Amino acid sequence: MGYVAVKAGEELIQRAEDLFEKQRLADEDAPITVDQLEGQLERLTAQAMSEAGLYAPRLAALAVKQAQGDTVEAAFLLRAYRSTLERWDESVPVEPSAMFATRRVSPAFKDVPGGQILGPTKDYTQRLLDFELEDEDESGDPTADWDLEDAEPTTLTNVVDVLREEGLVSEPDEPDVDAPTDTTREPVTFPVERDAVLQELARGETGAVTALGYSALRGYGQVHPTLAEVRVGKLPLTIEHPYTGDEVTVADVAVSESEAVVPVYAKRDDPQFAFGYGLTFGRNERKAISMTILDASIQLESEDEPAENAEFVLDVVDGMDSFGFIEHLKLPHYVTFQSILDRIRAIRERKVAGTTDDEAEPAADDGTDPAECESSESEPSDRETIEASDDD
Amino acid sequence: MTETDDIDVETAVSADSVEAALEDLEGEGLEGYNYAYLDEHTKREVRRAILKAIAIPGHQVPYASRPMPLARGWGTGGIQASLSLLGPEDTFKVIDQGSDESVNAANIRRLAADTAEVATTTDTTDADVIQTRHRIPEEVLTDDQILVLQVPVTDALRKVDSSDAANRRRHAHKNYGKMWVHLYENVVEWGEINIAARYPTMVAGRYLMDPSPIPRWDVPKLDDADNLFVFAAGREARIYAVPPHTDVEPLAFEDRQFQVERFPEQSCAACGSTDTYLTEVETDDGTRHFACNDASFCLKRQDDPTLPKDHHLERSGVDWGPGTPDADGDGGVAGDADDGGDDE
């Protein structure tokens, strides 16, 4: 039986897995530890958590290690694991001002209440390869000898709130806090609620969210936002205590947040800015800002541009979906391809028959008995020309 | 197929406390996962979607497709349906493009065997549930079998409109004009309908259905079958079904009838069959062979070249797809199976 194109069994799968693992482990070097990944490649683990929709830094580091650095694959591992877990509870909604920010910039104003906090960033660093990192052996804290005063962390006034107080920004629809949508438990159908849009964008693949957000800026859309602020920091995770009913903070979640106003006036009689919002797990300002653009674009409820069409954006933005379906093309397709071959050969025969035999065309188009037409006219001539075309 | 509500408590993850849950998760392999991988609520939801799909043949029922440990587009809808239907007493078969031994089929079979402890088989007639990618087996399925088809694209109308929202409205109004126009334009441009697999098919005279990318060869098998067909899409999160003995009719015109794939003067290089779906293989020496696509039936035919497709049934002459490659090109029926003569 040498005729089945792809034949293999479980042993082949195992061997392929072994070869994949060998790529990671065959060198002399000690395996990279999960601690190192979690501590030193935080951007990678943050991206995996964000696209997985699961905040679990340790598991994300493990997933990144197992996926050999492929973030979409890592997010996929986390999602598959997440789907086997019970959902214990829903957290209490939290105000953005509750964030303990390590970084906050407000491009909309020169100064804002609470001030601009540059924080840790490479934004203004020259992008030169640092060859010293190649032989780095000692880890040292470059901020060790900074002279810092102890100060209480302050919460920051939300910039969009300042504008809202003046009535310049339209109010978002009141969300249903009692029964928030969870797109991992309910299928998304259109038209879609904004909370479902935000959830899907927050879980979107970073590159896809960035590309679609960029498309709106690039001219395929009307949204060119002014960022009210971009913040990176920790939000408290608060739940209702199951016995006392009091709200208790049980953990922190590192997030990137972005808010923008858009000079598109929804109402003629009371012109107000439209707005957009973005939030991701971990440090990923690019994705948070892109999500903000997409949220603002989708709220325009237009179908003129790709980024404004909720259905288009949500259909293509998910990394797990696009990754899986793109890569499934590697699976054998010989059944469908045989069917496709049959069609193109039949059509080529018909063309050949049409050019060499003038009677073939009218026979197919006149009102003769269709069954007779199929069986007695076109079929035999089709078959003769199959061989002709096969000889090519 | 079997009661799974009374699951083996031993295999479920404890929900008493975080520690207990984590403790349960320790261990090797898939220990610590629920029976059949998915939690019981999810399996119940999938079964409800299947029941609803059976009640409205051909209608796409949305369900909350879960992320599975397989890549989306690789059978995640099918495996969710299969795992929701399977019980420990069941026998499971998986085929990918007609072959039990394709790596992806082996991987799916392994997941079910590891998590649902089902017996597996490659023999179509032995299986209770068969998960398949893009083929309906050559052997006739019976009323105690379920065929679960993996579905990449859920809607036949996607060809003519990319918007799911718009297509849902069309289905609600049974408004299939745009598809008919598409088929007509096909005929005008190419002389015949240029749809290979995923042939648009009317179910019970009501819903237009994408039968998944099965070849046209298999489409007639959907009509008035004894078995249940479940179509499950993971990425697109839809389930639909063709219940037993439902009218299923491929769209076509009176003067451009539905045609199955033709294999003129070809027979399987391994078993000699002329009444099965063949695929062609270019060999290293430049010759072209045709071989049965249904690998498990081909092996049986190699032992017994005259074995009919309904050999395991008490009655014979059962309608099951096209008869012979030389039948008259209109999607002929199995009743004609043995009368196909030479046509030259």
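Owing to the predicted nature of the structure, the values given are computational and were not obtained by experimental measurement.

(A) Here's a closer look at the packing of helix α3 (residues 42-52) of chain A against helix α4 (residues 57-66) of chain A. Residues and elements named next belong to chain A. For the pair α3 and α4, the least separation of the axes is 9 Å and the interaxial angle reads 105 degrees. Considering their axes alone, α3 and α4 lie roughly perpendicular with respect to each other. Where α3 approaches α4, its residues L44, T45, A48 and M49 are matched on the opposing element by P57, A60, A61, A63 and V64. For the contact of α3 with α4, the per-class residue count stands at eight nonpolar, one polar and no charged.

(B) Representation of the environment of Q116(A) in the model. Residue and element names in this part refer to chain A. On the secondary structure map, Q116 appears in the loop between β1 (100-105) and α6 (159-165). The partly exposed category is assigned to Q116, around which 15 C-beta atoms lie within 10 Å. For the pair Q116 and V192, spaced 76 residues apart in sequence, the C-alpha to C-alpha distance is 36 Å. Apart from the residues within four sequence positions on either side, Q116 is in contact with R104, V105, S106 and D111.

(C) Inspection of helix α8 (residues 206-218) of chain A at higher detail. Residue and element names in this part refer to chain A. When the terminal C-alpha atoms of α8 are compared, their 18 Å separation across 13 residues agrees well with the 18 Å that a helix rising 1.5 Å per residue should span. Within α8, the full set of buried residues consists of T206, A208, V209, L212, G213, S215 and A216. At its buried positions, α8 is contacted by α3, α7 (194-202), α9 (285-299), α10 (310-316) and α11 (319-327). Residue G219 follows α8 closely and has a positive phi angle near 125 degrees.

(D) Region of the structure containing the packing of helix α3 (residues 76-85) of chain B against helix α4 (residues 103-116) of chain B. Residue and element names in this part refer to chain B. Viewed as axis vectors pointing N to C, α3 and α4 meet at an angle of 30 degrees, and their least axial separation amounts to 11 Å. It follows that α3 is roughly parallel to α4 by the angle criterion. Relative to α4, the crossing made by α3 is right-handed. Contacts between α3 and α4 involve I79, S82 and L83 from the first element and I108, L111, A112 and A116 from the second. Partitioned by chemical class, the residues of the contact of α3 with α4 number six nonpolar, one polar and no charged.

(E) How the structure looks around the confidence of the model for chain A. Residues and elements named next belong to chain A. Per-chain confidence: chain A averages 83 in pLDDT, with 86% of residues scoring 70 or above. Low pLDDT (under 50) marks residues 1-7, which in the prediction has 17 contacts with non-local residues, meaning those over four places away or in another chain. This model gives residues 357-392 a pLDDT under 50, and the stretch forms 41 contacts once residues within four places in sequence are excluded.

(F) Looking closely at the pairing of strand β2 (residues 91-96) of chain B. Residues and elements named next belong to chain B. A large share of β2 lies buried, amounting to five of its six residues. Pairing of β2 with strand β3 (residues 119-120), which is carried by two bridges, proceeds in the parallel orientation. Bridge pairing in β3 links F92 to T120. Crossover connection from β2 via α4 to parallel β3: handedness right-handed. With five bridges connecting them, β2 and strand β4 (residues 129-133) associate as parallel partners. Looking at the pairing, F92 lines up with V129 of β4.

How each quantity is defined
Starting afresh in each chain, residues are numbered from 1 along the sequence in its written order. Chains carry letters from A onward and ligands carry numbers from 1 onward, assigned in written order. Side-chain atom pairs in this predicted model are given and counted only at pLDDT of 80 or more, local residue features only at pLDDT of at least 70, and totals for whole chains, interfaces and linings cover all residues. To get an axis, fit a line to the C-alpha atoms, keeping to the stretch in contact for a helix; angles then go from 0 to 180 degrees between the N-to-C directions. Numbering of helices and strands runs from the N terminus, with a helix taken as a DSSP run of H or I at least four residues long and a strand as a DSSP run of E at least two residues long. Convention used here: angles under 35 degrees read as roughly parallel, angles over 145 as roughly antiparallel, angles from 65 to 115 as roughly perpendicular, and any remaining angle as oblique. Residues are treated as contacting if the C-beta atoms built from their backbones sit within 7 Å of each other. Residues are grouped as follows: Ala, Val, Leu, Ile, Met, Phe, Trp, Tyr, Cys and Pro are nonpolar; Asp, Glu, Lys and Arg are charged; all remaining types, including Gly, are polar. Here exposure depends only on C-beta density: within 10 Å of a residue's C-beta, 20 or more other C-beta atoms make it buried, 12 or fewer make it exposed, and intermediate numbers make it partly exposed, the C-beta atoms being placed from the backbone. Between the first and last residue of a helix there are one fewer steps than residues, each counted as 1.5 Å, and that sum is the expected span. Helix crossings are classified by the rotation of the near helix relative to the far one: an anticlockwise turn of less than a right angle makes the crossing left-handed, while a clockwise turn makes it right-handed. Here pLDDT means the predictor's own confidence in every residue, given as a number from 0 to 100. By this definition, two strands are paired if DSSP reports at least two bridges between them. When the strands point away from the viewer, a crossover counts as right-handed if the path from the first strand over the helix to the second runs clockwise.

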